[in-house]
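Structural characterization, general
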Amino acid sequence: MFENIYKVNWYKLILDWLPTFLRKGILHKLSNAMISPIVAMFPLFMAQRKQGLLRMKHTYAVFSLRWRLNDVFDKYERRIRIVSALKFNGVYLYTEGEDDQYRSKTKWLGTVYLRNESELFSDYDFIVEIPNTNIDQLALAAEIEYFVLPSKRYKILIT
């Protein structure tokens, strides 16, 4: 909608800003020479602006992050996946503090472990699965760290 704001003919703009009696000769050429670095850097600014606008459209939510990573690193086949790192959910029975002294629930069960601690908890919050192609893992990690909250831990796994 506002893209026309950034379409600027710099040489015409500099000519319009010069007073009419100074628009010829050496001053016109000097002003064009002075504006040439801005004209050279303006496409770089527009490319950075486009990347910034694309980044602002995405959040740290899983579906948005997966979409962004596939757009940047695996545009056509879209094989990058984000999976939860938890293997199992913990099963809640009773704690000793909840036990009743008259009708004991833990007395007959004893100490029962359904899963050990390494199965219940993971060192990572999520795993990013990438295909075994030439994806730059440092750029991928930088892109993930840009979007993910600082408290989240992740692992990049090549499948």
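To keep things clear, this report deals only with the structure shown in the data block.

**Some thoughts on the overall build of the protein**
Regarding its fold elements, the protein presents six helices and three strands. Each helix and strand of the protein, placed in order from N terminus to C terminus, yields the pattern α-α-α-β-α-α-β-α-β. Here the protein, with 159 residues, has 19% of them falling under the buried criterion. For the protein, the share of sequence-separated contacts (at least 6 apart) that also reach a separation of at least 24 residues comes to 64%. Accessible area for the protein stands at about 12800 Å²; split by element, carbon and sulfur atoms hold 59% of it.

**Focus: the packing of aromatic side chains**
Counted under the stated rule, the structure contains five aromatic pairs. Pairing Trp 10 with Phe 42 gives two aromatic rings, centres 5.4 Å apart and planes at 75°, and the pair type is edge-to-face. Pair noted here: Trp 10 is in helix α1 (residues 10-17) and Phe 42 is in helix α2 (residues 26-56), with a separation of 32 residues, a long-range link. For the pair Tyr 146 and Phe 147, a centre-to-centre distance of 5.0 Å together with 85° between the ring planes defines the contact as edge-to-face. Given the relative accessible area of 47%, Tyr 146 is considered partly exposed. Following the ring pairs from residue to residue traces out a cluster consisting of Tyr 6, Trp 10, Phe 42 and Phe 45.

**Some points on the pairing of strand β2 (residues 126-130)**
Counting buried positions over the five residues of β2 gives five, a clear majority of the element. Side chains Phe 126, Val 128 and Ile 130 of β2 all project onto a buried face; the interleaved residues Ile 127 and Glu 129 project onto the opposite face, where all are buried too. Direction of pairing for β2 relative to strand β3 (residues 154-158): parallel, over a ladder of five bridges. For Phe 126, the partnering residue across the bridge sits in β3 and is Tyr 154. Each parallel crossover has a hand, and the one from β2 via helix α6 (residues 137-147) to β3 is right-handed.

What counts, and at which threshold
- Residues numbered from 1 in each chain as written.
- Predicted model: local features only at pLDDT ≥ 70, side-chain atom pairs only at ≥ 80, totals over all residues.
- Heavy atoms only, no water.
- Helix = DSSP H or I, 4+ residues; strand = E, 2+ residues; numbered from the N terminus.
- Buried < 20%, exposed > 50% of the residue type's maximum accessible area, 1.4 Å probe, protein only.
- Contact = heavy atoms within 4.5 Å.
- Areas by Shrake-Rupley, 256 points an atom, 1.4 Å probe, with all protein chains shown as cover.
- Phe/Tyr/Trp six-rings, centres within 6.5 Å; stacked < 30°, edge-to-face > 60°.
- Pairing = 2+ DSSP bridges.
- Right-handed = clockwise from strand over helix to strand, strands pointing away.

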